Amino acid sequence: MDAADFFEQLWAQYVAMAPQVREIRNHVQKTYGSTVNDHVAFRTFDQPGYTIAELEPAFLAFGYQRAERYDFLDKHLEAYAYEPPEDDLPLVFFSQLRTGALSGPAQRAIRQLLSSASAAHSTPAERLLQGRTWPMPSATQYELLEAESAYAAWLSVWGLCANHFTIAIHKLEPNVSLQQVVESVQQAGYPMNVSGGLIKGSPEQLLEQASTVAELRPVALSDSSREICSCYYEFAQRHRLSDGQLYKGFVAASASHIFESTTSSSGGEGPAR
Ligand code: NI
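Calculation notes
- Residues numbered from 1 in each chain as written.
- Predicted model: local features only at pLDDT ≥ 70, side-chain atom pairs only at ≥ 80, totals over all residues.
- Heavy atoms only, no water.
- Phe/Tyr/Trp six-rings, centres within 6.5 Å; stacked < 30°, edge-to-face > 60°.
- Helix = DSSP H or I, 4+ residues; strand = E, 2+ residues; numbered from the N terminus.
- Buried < 20%, exposed > 50% of the residue type's maximum accessible area, 1.4 Å probe, protein only.
- Lys NZ or Arg CZ within 6 Å of the ring centre and 35° of its normal.
- Donors = N, O, S within 2.8 Å, 3.2 Å for Na, K, Ca; no water.
- Salt bridge = Lys/Arg side-chain N within 4 Å of Asp/Glu carboxyl O.
- 1 Å grid on protein atoms, 1.4 Å probe; cavity = no way out; pocket = protein on both sides within 12 Å on 5 of 7 lines; lining within 4 Å.
- Points joined across faces, edges and corners; volume = space filled by probe spheres on them.
- Nonpolar A, V, L, I, M, F, W, Y, C, P; charged D, E, K, R; others polar.

**A look at the packing of aromatic side chains**
- Summed over the entire model, instances satisfying the criterion amount to 25 aromatic pairs.
- With a centroid separation of 5.0 Å and 85° between ring planes, the pair formed by Phe72 and Phe259 is classed as edge-to-face. Here Phe72 is found in strand 2 (residues 65-72), whereas its partner Phe259 is found in helix 10 (residues 252-259), with 187 residues between them in sequence.
- Phe72 gets classed as buried once you look at its relative accessible area, which sits at 2%.
- Ring-pair connections join several aromatic residues into one group, and the members of that group are Phe6, Phe7, Phe42, Phe59, Phe62, Tyr64, Tyr82 and Phe94.
- When the ring centre of Tyr50 is taken as reference, the NZ or CZ atom of Arg127 above it lies at 5.2 Å.

What follows is the structure, given as C-alpha coordinates:
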(Lines give C-alpha, C1' and ligand atoms only; values in the text may rest on other atoms or scores of the structure.)
Protein backbone atom coordinates (compact mmCIF):
# COMPACT_ATOMS: atom_id res chain seq x y z
CA MET A 1 0.00 0.00 0.00
CA ASP A 2 1.52 3.34 -1.00
CA ALA A 3 0.59 6.73 0.44
CA ALA A 4 -1.88 7.50 -2.37
CA ASP A 5 -3.71 4.15 -1.78
CA PHE A 6 -3.75 4.81 1.95
CA PHE A 7 -5.36 8.25 1.65
CA GLU A 8 -7.82 6.98 -0.96
CA GLN A 9 -9.02 4.21 1.39
CA LEU A 10 -9.06 6.65 4.29
CA TRP A 11 -11.26 9.08 2.31
CA ALA A 12 -13.70 6.29 1.37
CA GLN A 13 -14.10 5.36 5.04
CA TYR A 14 -14.40 9.01 6.07
CA VAL A 15 -17.28 9.72 3.65
CA ALA A 16 -18.96 6.49 4.78
CA MET A 17 -18.83 7.82 8.37
CA ALA A 18 -19.90 11.37 7.45
CA PRO A 19 -21.66 11.39 4.03
CA GLN A 20 -22.14 15.16 4.30
CA VAL A 21 -18.45 15.81 3.59
CA ARG A 22 -18.83 14.47 0.05
CA GLU A 23 -21.75 16.87 -0.53
CA ILE A 24 -19.67 19.75 0.85
CA ARG A 25 -16.71 18.87 -1.37
CA ASN A 26 -19.03 18.66 -4.38
CA HIS A 27 -20.47 22.06 -3.48
CA VAL A 28 -17.00 23.66 -3.21
CA GLN A 29 -15.83 22.01 -6.45
CA LYS A 30 -18.92 23.12 -8.33
CA THR A 31 -18.44 26.68 -7.06
CA TYR A 32 -14.64 27.06 -7.13
CA GLY A 33 -13.16 24.21 -9.20
CA SER A 34 -10.95 21.31 -8.16
CA THR A 35 -9.87 20.95 -4.53
CA VAL A 36 -6.63 19.83 -2.86
CA ASN A 37 -6.46 18.23 0.58
CA ASP A 38 -4.34 20.32 3.00
CA HIS A 39 -4.13 17.89 5.91
CA VAL A 40 -5.71 14.86 7.53
CA ALA A 41 -6.10 14.56 11.30
CA PHE A 42 -6.02 11.40 13.43
CA ARG A 43 -6.84 10.82 17.09
CA THR A 44 -5.57 8.11 19.43
CA PHE A 45 -5.11 7.09 23.07
CA ASP A 46 -1.65 7.18 24.72
CA GLN A 47 -2.21 3.57 25.73
CA PRO A 48 0.10 0.62 24.89
CA GLY A 49 -0.49 -0.44 21.30
CA TYR A 50 -2.19 2.85 20.37
CA THR A 51 0.40 5.56 21.01
CA ILE A 52 1.55 8.01 18.37
CA ALA A 53 5.03 6.50 18.73
CA GLU A 54 3.64 3.09 17.71
CA LEU A 55 1.43 4.38 14.88
CA GLU A 56 3.56 7.17 13.34
CA PRO A 57 5.71 4.58 11.48
CA ALA A 58 2.75 4.48 9.06
CA PHE A 59 3.70 7.97 7.89
CA LEU A 60 7.46 7.63 8.30
CA ALA A 61 7.28 4.61 5.94
CA PHE A 62 5.60 6.84 3.34
CA GLY A 63 8.53 9.27 3.63
CA TYR A 64 6.87 11.76 5.98
CA GLN A 65 8.96 13.62 8.56
CA ARG A 66 7.85 14.44 12.04
CA ALA A 67 7.69 18.24 12.46
CA GLU A 68 6.46 20.40 15.33
CA ARG A 69 4.86 19.19 18.58
CA TYR A 70 1.75 20.86 20.01
CA ASP A 71 0.33 20.75 23.54
CA PHE A 72 -3.30 21.24 24.55
CA LEU A 73 -3.09 21.10 28.33
CA ASP A 74 -6.74 21.98 29.00
CA LYS A 75 -7.92 19.19 26.67
CA HIS A 76 -5.32 16.66 27.92
CA LEU A 77 -3.95 16.29 24.39
CA GLU A 78 -0.64 16.46 22.61
CA ALA A 79 -0.03 16.32 18.88
CA TYR A 80 2.62 16.18 16.19
CA ALA A 81 2.56 17.47 12.64
CA TYR A 82 4.09 15.40 9.84
CA GLU A 83 5.32 16.86 6.56
CA PRO A 84 4.96 14.81 3.38
CA PRO A 85 7.78 13.88 1.00
CA GLU A 86 5.89 15.44 -1.94
CA ASP A 87 3.62 18.45 -2.19
CA ASP A 88 0.75 16.44 -3.65
CA LEU A 89 0.38 14.48 -0.39
CA PRO A 90 -1.41 16.07 2.60
CA LEU A 91 0.17 17.17 5.86
CA VAL A 92 -0.78 14.95 8.82
CA PHE A 93 -1.87 16.17 12.27
CA PHE A 94 -1.78 13.34 14.80
CA SER A 95 -3.01 13.87 18.37
CA GLN A 96 -3.25 11.60 21.40
CA LEU A 97 -5.15 11.73 24.68
CA ARG A 98 -3.20 11.78 27.95
CA THR A 99 -5.41 9.13 29.49
CA GLY A 100 -3.74 9.57 32.89
CA ALA A 101 -5.12 13.12 33.14
CA LEU A 102 -8.71 11.80 33.34
CA SER A 103 -10.44 10.54 36.50
CA GLY A 104 -9.91 6.99 37.75
CA PRO A 105 -13.32 5.78 36.49
CA ALA A 106 -12.74 7.30 33.02
CA GLN A 107 -9.27 5.76 32.80
CA ARG A 108 -10.70 2.38 33.80
CA ALA A 109 -13.42 2.65 31.13
CA ILE A 110 -10.80 3.31 28.44
CA ARG A 111 -8.53 0.48 29.61
CA GLN A 112 -11.49 -1.89 29.84
CA LEU A 113 -12.52 -1.15 26.25
CA LEU A 114 -8.98 -1.43 24.87
CA SER A 115 -8.31 -4.68 26.76
CA SER A 116 -11.16 -6.27 24.76
CA ALA A 117 -9.84 -5.11 21.37
CA SER A 118 -9.24 -7.71 18.69
CA ALA A 119 -5.54 -8.53 18.37
CA ALA A 120 -3.73 -6.36 15.84
CA HIS A 121 -1.53 -8.27 13.42
CA SER A 122 -1.38 -5.39 10.99
CA THR A 123 1.00 -2.69 9.88
CA PRO A 124 0.57 0.77 11.43
CA ALA A 125 -0.95 2.05 8.16
CA GLU A 126 -3.47 -0.81 8.13
CA ARG A 127 -4.34 -0.09 11.75
CA LEU A 128 -5.14 3.53 10.96
CA LEU A 129 -7.75 2.23 8.51
CA GLN A 130 -9.34 -0.24 10.96
CA GLY A 131 -11.61 2.10 12.89
CA ARG A 132 -12.76 0.82 16.27
CA THR A 133 -11.33 -2.65 17.05
CA TRP A 134 -12.68 -2.71 20.63
CA PRO A 135 -16.33 -3.23 21.73
CA MET A 136 -18.72 -0.28 21.60
CA PRO A 137 -18.86 1.57 24.93
CA SER A 138 -22.04 1.29 26.97
CA ALA A 139 -24.18 4.41 27.44
CA THR A 140 -22.73 4.77 30.95
CA GLN A 141 -19.15 4.51 29.69
CA TYR A 142 -19.85 6.94 26.84
CA GLU A 143 -21.41 9.53 29.17
CA LEU A 144 -18.58 9.15 31.69
CA LEU A 145 -16.02 9.85 28.95
CA GLU A 146 -18.05 12.65 27.35
CA ALA A 147 -18.34 14.49 30.67
CA GLU A 148 -14.53 14.65 30.93
CA SER A 149 -13.33 14.65 27.34
CA ALA A 150 -15.43 14.96 24.18
CA TYR A 151 -12.30 13.71 22.39
CA ALA A 152 -12.19 10.48 24.45
CA ALA A 153 -15.91 9.86 23.90
CA TRP A 154 -15.53 10.37 20.13
CA LEU A 155 -12.49 8.11 19.95
CA SER A 156 -14.18 5.35 21.98
CA VAL A 157 -16.94 5.14 19.36
CA TRP A 158 -15.05 5.69 16.07
CA GLY A 159 -11.55 4.34 16.76
CA LEU A 160 -8.54 4.84 14.49
CA CYS A 161 -9.66 6.65 11.35
CA ALA A 162 -9.58 10.09 9.79
CA ASN A 163 -11.15 12.64 12.14
CA HIS A 164 -11.18 15.21 9.33
CA PHE A 165 -9.86 16.05 5.90
CA THR A 166 -9.24 19.69 4.95
CA ILE A 167 -9.80 21.71 1.80
CA ALA A 168 -6.76 23.91 1.00
CA ILE A 169 -8.30 27.30 0.26
CA HIS A 170 -4.90 28.67 -0.87
CA LYS A 171 -4.83 26.05 -3.66
CA LEU A 172 -8.23 26.98 -5.10
CA GLU A 173 -8.24 28.83 -8.41
CA PRO A 174 -9.25 31.59 -8.79
CA ASN A 175 -8.19 33.29 -5.55
CA VAL A 176 -10.96 33.31 -2.97
CA SER A 177 -10.83 34.00 0.75
CA LEU A 178 -11.60 31.49 3.47
CA GLN A 179 -14.47 33.77 4.52
CA GLN A 180 -16.04 33.56 1.03
CA VAL A 181 -15.82 29.78 0.89
CA VAL A 182 -17.15 29.33 4.40
CA GLU A 183 -20.09 31.67 3.77
CA SER A 184 -20.89 29.75 0.61
CA VAL A 185 -20.83 26.44 2.54
CA GLN A 186 -23.05 27.96 5.25
CA GLN A 187 -25.49 29.29 2.67
CA ALA A 188 -25.69 25.79 1.21
CA GLY A 189 -27.03 24.74 4.64
CA TYR A 190 -24.06 23.19 6.44
CA PRO A 191 -23.53 24.38 10.05
CA MET A 192 -20.09 25.62 11.02
CA ASN A 193 -18.15 25.34 14.28
CA VAL A 194 -18.25 28.80 15.87
CA SER A 195 -16.09 28.00 18.91
CA GLY A 196 -13.45 30.75 18.97
CA GLY A 197 -15.22 32.53 16.07
CA LEU A 198 -16.10 31.30 12.61
CA ILE A 199 -12.55 31.90 11.32
CA LYS A 200 -9.75 30.82 13.63
CA GLY A 201 -6.27 32.32 13.24
CA SER A 202 -5.13 35.27 11.11
CA PRO A 203 -2.86 36.07 8.16
CA GLU A 204 -0.26 37.22 10.72
CA GLN A 205 -0.33 33.72 12.25
CA LEU A 206 0.13 32.39 8.68
CA LEU A 207 -2.85 30.05 8.97
CA GLU A 208 -6.60 30.68 8.99
CA GLN A 209 -8.98 27.79 9.61
CA ALA A 210 -12.68 27.01 9.82
CA SER A 211 -14.59 23.76 10.14
CA THR A 212 -18.07 22.33 9.89
CA VAL A 213 -19.78 20.87 12.93
CA ALA A 214 -19.46 17.09 12.87
CA GLU A 215 -22.50 15.38 11.40
CA LEU A 216 -24.69 13.46 13.87
CA ARG A 217 -24.99 9.78 13.00
CA PRO A 218 -27.09 7.02 14.60
CA VAL A 219 -24.78 4.78 16.65
CA ALA A 220 -25.63 1.52 18.41
CA LEU A 221 -23.78 1.66 21.73
CA SER A 222 -23.41 -1.71 23.48
CA ASP A 223 -26.71 -1.26 25.32
CA SER A 224 -28.65 1.50 23.56
CA SER A 225 -28.71 3.69 20.45
CA ARG A 226 -28.25 7.42 20.07
CA GLU A 227 -27.05 10.07 17.64
CA ILE A 228 -23.35 10.85 18.02
CA CYS A 229 -21.02 13.36 16.31
CA SER A 230 -19.07 11.66 13.53
CA CYS A 231 -16.53 13.51 11.36
CA TYR A 232 -16.29 17.11 10.17
CA TYR A 233 -14.66 18.94 7.28
CA GLU A 234 -12.04 21.65 7.69
CA PHE A 235 -11.03 24.57 5.46
CA ALA A 236 -7.50 25.99 5.76
CA GLN A 237 -5.91 29.03 4.19
CA ARG A 238 -2.13 29.05 4.51
CA HIS A 239 -0.07 32.19 4.02
CA ARG A 240 3.49 32.63 2.83
CA LEU A 241 6.57 33.10 4.99
CA SER A 242 8.95 35.96 4.17
CA ASP A 243 11.00 33.53 2.04
CA GLY A 244 7.94 32.90 -0.15
CA GLN A 245 7.31 29.35 1.15
CA LEU A 246 3.84 28.41 2.34
CA TYR A 247 3.64 28.01 6.12
CA LYS A 248 3.32 24.29 6.94
CA GLY A 249 2.74 24.46 10.68
CA PHE A 250 -0.39 24.67 12.80
CA VAL A 251 -1.62 27.23 15.35
CA ALA A 252 -2.30 25.63 18.73
CA ALA A 253 -5.00 28.10 19.83
CA SER A 254 -6.92 27.54 16.58
CA ALA A 255 -6.47 23.75 16.66
CA SER A 256 -7.86 23.75 20.21
CA HIS A 257 -11.13 25.27 18.92
CA ILE A 258 -11.16 22.95 15.89
CA PHE A 259 -11.10 19.96 18.28
CA GLU A 260 -14.49 21.17 19.51
CA SER A 261 -16.08 20.38 16.14
CA THR A 262 -17.02 17.00 17.62
CA THR A 263 -18.56 18.56 20.73
CA SER A 264 -22.31 18.66 20.25
CA SER A 265 -22.53 22.29 21.47
CA SER A 266 -19.95 23.71 19.01
CA GLY A 267 -22.40 24.82 16.33
CA GLY A 268 -24.56 27.87 16.22
CA GLU A 269 -25.35 28.32 12.56
CA GLY A 270 -28.64 26.75 11.67
CA PRO A 271 -30.00 23.23 11.83
CA ALA A 272 -27.95 20.16 10.94
CA ARG A 273 -29.06 18.64 7.65
NI1 NI B 1 -7.21 20.20 11.11
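So that's the structure; there's more coming.
**What about the coordination of the nickel ion?**
- For the nickel ion, the protein coordination sphere consists of His39 (NE2), His164 (NE2) and Glu234 (OE), at 2.0 to 2.1 Å.
- Ordering the donors of the nickel ion by residue number gives the pattern H-x124-H-x69-E. In this pair, His39 sits in strand 1 (residues 39-45) while Glu234 sits in strand 10 (residues 232-238), placing the two residues 195 residues apart along the sequence. For the pair His39 and Glu234, a shared accessibility class is recorded, and that class is buried.

**Examining the pattern of salt bridges**
- Scanning the entire structure with this criterion turns up 7 salt bridges.
- The salt bridge partner of Asp71 is Arg98, with a shortest N-O separation of 2.2 Å. One end of the pair, Asp71, is in strand 2; the other, Arg98, is in the loop between strand 4 (91-97) and helix 5 (104-115), and 27 residues separate them in sequence.
- Overall, the relative accessible area of 34% leaves Asp71 in the partly exposed class.
- A single salt-bridge network, built from bridges that share partners, covers Arg69, Asp71, Glu78 and Arg98.

**Looking at the layout of surface pockets**
- Here the largest pocket is characterised by a volume of approximately 590 Å³.
- Surrounding the largest pocket, 27 residues form its lining, Val36, Asn37, Asp87, Leu89 and Pro90 being those nearest its centre.
- Residue assignment for the lining of the largest pocket shows that the elements contributing at least two residues are helix 1 (3-17), strand 5 (162-168) and strand 10.
- In the lining of the largest pocket, the residues fall into 14 nonpolar, 5 polar and 8 charged.
- Size it by volume and the second largest pocket reaches roughly 160 Å³.

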